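# Topology and contacts: notes
Here is how the chains run, residue by residue.
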Amino acid sequence: MSRKAPDDDFDDTGLRVSRPKEWAAGVPGVTAALRQSYDQMGVTRTALTLLRVNQKQGFDCPGCAWPEGDRRHVAEFCENGAKAVAEEATTRRITREFFARHTVAELAERSDHWLGQQGRLTEPMLKRAGSEHYEPVPWDEAFRLLASELTALDSPDEAVFYTSGRTSNEAAFAYQLFVRAFGTNNLPDCSNMCHESSGSALSETIGIGKGSVLLEDLDRADLIFVVGQNPGTNHPRMLSALEHAKRAGTRIIAVNPLPEAGLMRFKNPQRPSGVAGRGTPLADRFLQIRLNGDLALFQALNRLLLESDAPDTVDHEFLDEHVHGFEAFREHVLGLDWDDVLEATGLTRGEIAAALGDVLGAKRIIVCWAMGLTQHRNSVPTIREIVNFLLLRGNIGRPGAGVCPVRGHSNVQGDRTMGIWEKPKPEFLDALAAEFGFEPPREHGLDTVDAIRAMRDGRAKVFLGMGGNFVRATPDSAVTEAALRSCRLTAQVSTKLNRSHAVTGDTALILPTLGRTERDEQASGTQFVSVEDSMGMVHASRGRLAPASADLLSEVSIVCRLAKAALPGSGIDWDAMERDYDVIRDHVSRVVPGFARYNARVRQKGGFTLPHAPRDERRFPTATGKANMTVNELEVLRVPEGRLLLQTVRSHDQYNTTIYGLDDRYRGIKAGRRVVFVNPDDLAALGVDDGAVVDLVSEWSDGVERRAPSFRVVAYPTARGCAAAYFPETNVLVPLDSTADVSNTPTSKSVVVRLESGSPGGAGAV
Ligand SMILES: Nc1nc2c(c(=O)[nH]1)N[C@H]1C(S)=C(S)[C@@H](COP(=O)(O)OP(=O)(O)OC[C@H]3O[C@@H](n4cnc5c(=O)[nH]c(N)nc54)[C@H](O)[C@@H]3O)O[C@H]1N2
Ligand SMILES: Nc1nc2c(c(=O)[nH]1)N[C@H]1C(S)=C(S)[C@@H](COP(=O)(O)OP(=O)(O)OC[C@H]3O[C@@H](n4cnc5c(=O)[nH]c(N)nc54)[C@H](O)[C@@H]3O)O[C@H]1N2
Ligand SMILES: [Mo]
């Protein structure tokens with residue numbers, strides 16, 4: 001099944017490949033960001049806007065969820081944060097004439113890059129059933145239409161309410177309240193594709209699905225593992241924190257199939273030495289692991305720790321007092337097969353022994369991770385094994401130690417805290433019921449993968465997206481697109497145009513909204529919103545720019561007005577919430593634990609930190625009342641002869657499905673995205689030349705052929721047997737049913753592929 005990909009994705013006539021970089025940031029980083037910002041917003045607006053990023057009276061950077069801490073520089077932004085801001089604060093506009101010029105079908109043929117470059121959406125638009133164009137629609141009519149489609153459903157469970165992680169706490173709380181008052185828990189979110197595996201593993205083992213370290217802990221750690229993460233591109237401000245920690249004496253081990261530039265050396269653009277010198281080497285040790293090898297690595301370290309006769313390798317006092325399941329874990333790990341470990345990791349015993357040396361020399365250890373760990377079938381067991389590793393030496397619940405899942409979207413963690421979750425806890429629903437006087441649905445709702453299945457099978461008929469780009473972020477693009485197209489109505493609350501506006505149900509709505517950078521005026525005055533970062537810090541975000549158009553509504557307004565139209569008798573005062581966001585925060589303070597006096601505390605300098613029982617008091621609110629050690633079976637992921645294990649990653653010039661540009665500077669790619677990185681020895685073994693053009697064909701047990709045509713092969717120092725290519729172009733290769741055990745996250749980092757020679761249609765294995 002070959003699918004024509006959108007036009008200029010294929011236009012890689014200018015594609016140039018050069019040697020990958022060995023360091024990140026520094027002057028090229030800053031100039032690249034400023035060039036992009038000038039292009040999008042002009043010089044004055046650039047200066048005014050970037051000076052407000054992450055400042056105490058400014059707005060929260062929409063780039064990532066890394067915390068700000070107290071070390072804010074005058075210009076606390078990074079290259080990629082600046083690009084995210086420029087993308088939103090652009091002066092380009094999409095008007096009704098644009099939609100009159102382009103049919104919806106034509107927009108569906110355009111690339112993600114082209115769609116994003118058209119500018120900000122400016123007024124609500126409607127595509128009527130049978131029509132080929134979007135046309136302007138007044139807000140009231142849009143809400144009436146959406147409300148009437150929702151209330152006409154046979155059951156509230158036939159509607160799907162998606163959320164992406166840029167939504168503020170205030171909007172998220174109001175949104176989930178509306179959805180539950182409407183009568184369903186169908187609240188899938190981007191987290192289902194992102195850190196769901198972390199949440200699942202951590203809730204079971206330590207009793208809370210969030211990381212247990214604060215920024216200052218990084219400086220206190222003796223050893224930090226950075227596993228399955230590319231911070232140079234995706235969390236650049238984390239590099240400053242790592243550099244700071246290194247100067248305080250911390251060692252760093254990077255675990256990754258790719259020698260990512262940011263993990264190797266860092267030139268801090270905010271210090272003179274970073275501009276001129278060679279920068280700071282970051283990783284003291286680089287373990288070039290095979291994709292999916294991390295469970296084996298940490299299990300091997302655990303076995304070596306248990307067998308070591310060095311003094312105090314295991315913290316028995318901590319285990320006795322706080323941990324359940326040590327004996328079963330011990331027995332299992334001692335039976336670990338070394339051949340399996342070496343095959344799964346691709347590492348030597350010597351490399352693992354050397355890492356053990358670092359571990360034994362460290363009293364305090366932090367493990368950081370991101371998508372390299374969460375998007376595999378065995379992600380939950382892998383993260384559970386990391387928890388075992390930390391518990392063994394008492395490394396949770398004391399300074400300088402702990403788990404650090406590094407979140408993606410800037411408020412993805414806050415959205416969950418506010419109740420955006422298809423599996424809400426009974427205590428949360430009880431509190432909601434008490435506060436608002438209605439009985440919320442108790443049955444769990446659909447997550448992202450199950451929502452696609454439900455739409456595909458006709459069990460869900462209306463889709464509303466609160467931000468994000470559902471069609472493009474999800475796996476199995478052909479299946480997902482068909483699922484969306486079979487809906488009666490699809491509606492998107494968005495700042496920018498994307499493919500989810502072009503792959504629609506019979507009727508479609510675009511509901512344009514304010515971004516983080518913009519002033520939010522309501523009847524009671526100028527509003528601010530709040531967000532929670534990756535480390536559980538909550539703080540205010542104030543937009544200052546004039547809105548991109550006078551006809552935009554805030555996300556809160558959109559939710560409240562829709563709720564009024566759809567639920568006229570709900571008895572909930574939506575007007576009060578819209579008028580003054582303090583009213584929403586007062587509700588939150590009574591419903592969500594940790595938010596007492598929300599309005600007062602969010603106005604304090606720097607905001608406030610949410611409680612975290614394991615971190616604050618070594619208390620583990622799990623089913624056993626203790627931290628749980630677990631038994632995790634190691635199953636080596638064996639790839640058939642002649643096949644490679646493909647991971648789908650981000651380039652340096654994209655934000656998820658938003659493509660800023662066609663370069664991936666650190667990996668040496670210019671002016672093209674259809675590239676596949678393969679180890680030169682694998683190319684030799686497969687008989688494929690560097691620079692050849694191949695189709696990527698994924699192999700999965702359902703026998704369906706999934707093909708991504710025309711990728712240029714780039715010989716690259718990735719681990720043997722592994723390949724990498726960019727998403728979303730490769731989402732077509734990820735089978736919908738290939739998901740992580742327990743968390744149901746698509747396995748975007750382990751897709752078995754073969755390379756076939758030739759371009760679209762491809763012929764013959766090479
Ligand atoms: N500029 C920018 N910033 C972003 C984003 C963006 O797109 N652009 N996206 C945001 C979001 S939503 C998220 S979730 C984060 C994502 O942040 P990352 O997780 O850093 O993003 P990926 O590009 O998916 O990179 C995955 C990394 O894990 C490695 N890896 C893959 N598989 C394995 C494995 O099996 N084992 C190990 N040890 N390593 C592995 C890859 O080589 C790569 O370095 O970034 C956030 N920040
Ligand atoms: N193959 C593969 N697939 C993946 C991944 C992968 O690594 N590999 N990563 C997964 C991950 S980690 C994630 S988080 C998901 C991301 O999935 P999503 O969050 O759904 O996707 P984004 O690309 O971040 O969404 C971009 C759109 O959000 C809208 N937007 C931006 N800012 C705002 C705002 O302030 N308000 C509103 N209402 N809209 C806004 C814009 O219209 C923009 O086009 O993708 C997942 N998909
Ligand atoms: Mo993410």
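Residues numbered from 1 in each chain as written. Chains lettered and ligands numbered in written order. Predicted model: local features only at pLDDT ≥ 70, side-chain atom pairs only at ≥ 80, totals over all residues. Heavy atoms only, no water.

Before going further, it helps to spend a moment on the environment of tryptophan 139. With respect to the helices and strands, tryptophan 139 occurs in helix 7 (residues 139-151). Taking the C-alpha atoms as reference, tryptophan 139 lies 9.5 Å from leucine 552; in sequence the two are 413 residues apart. A polar contact is formed between the side chain of tryptophan 139 and the backbone oxygen of aspartate 551, at a distance of 2.9 Å. (Helix = DSSP H or I, 4+ residues; strand = E, 2+ residues; numbered from the N terminus. Polar contact = N/O pair within 3.5 Å; in protein donor to acceptor, adjacent residues only side chain to side chain.)

For a regular strand, the rule is simple: side chains alternate between the two faces of the sheet. With 5 of 6 residues buried, strand 30 (residues 693-698) lies mostly within the body of the structure. Sheet topology note: the strand 30/strand 31 (residues 706-715) ladder contains 5 bridges and is antiparallel. When the sheet's bridge partners are listed, serine 698 is paired in strand 31 with arginine 706. With 5 bridges connecting them, strand 30 and strand 33 (residues 751-757) associate as antiparallel partners. (Buried < 20%, exposed > 50% of the residue type's maximum accessible area, 1.4 Å probe, protein only. Pairing = 2+ DSSP bridges.)

This brings us to the domain arrangement of the protein. Domain parsing of the protein yields domain 1 (16-89), domain 2 (94-193 + 413-610), domain 3 (196-410) and domain 4 (643-757). The contact between domain 1 and domain 4 buries some 1400 Å² in all, and 49% of this surface belongs to carbon and sulfur atoms. A per-residue breakdown of the area domain 1 buries against domain 4 is headed by Arg16, Val17 and Pro20, which together make up 32% of the total. Where domain 1 packs against domain 4, one counts 1 salt bridge. Linking lysine 83 and aspartate 653 is a salt bridge whose minimum nitrogen-to-oxygen distance equals 2.7 Å. For the pair domain 1 and domain 4, the number of links is 6 residue pairs in polar contact (both at pLDDT 80 or more). Listed by contribution, the elements that provide at least two residues to the side of domain 1 that touches domain 4 are strand 1 (16-17), strand 2 (24-25), helix 1 (27-41) and helix 3 (79-89). Counting residues per element, the side of domain 1 that touches domain 4 draws most heavily on helix 3, at 5 residues. (Domains from an automatic or database assignment. Buried area = accessible area lost by both parts, 1.4 Å probe. Salt bridge = Lys/Arg side-chain N within 4 Å of Asp/Glu carboxyl O.)

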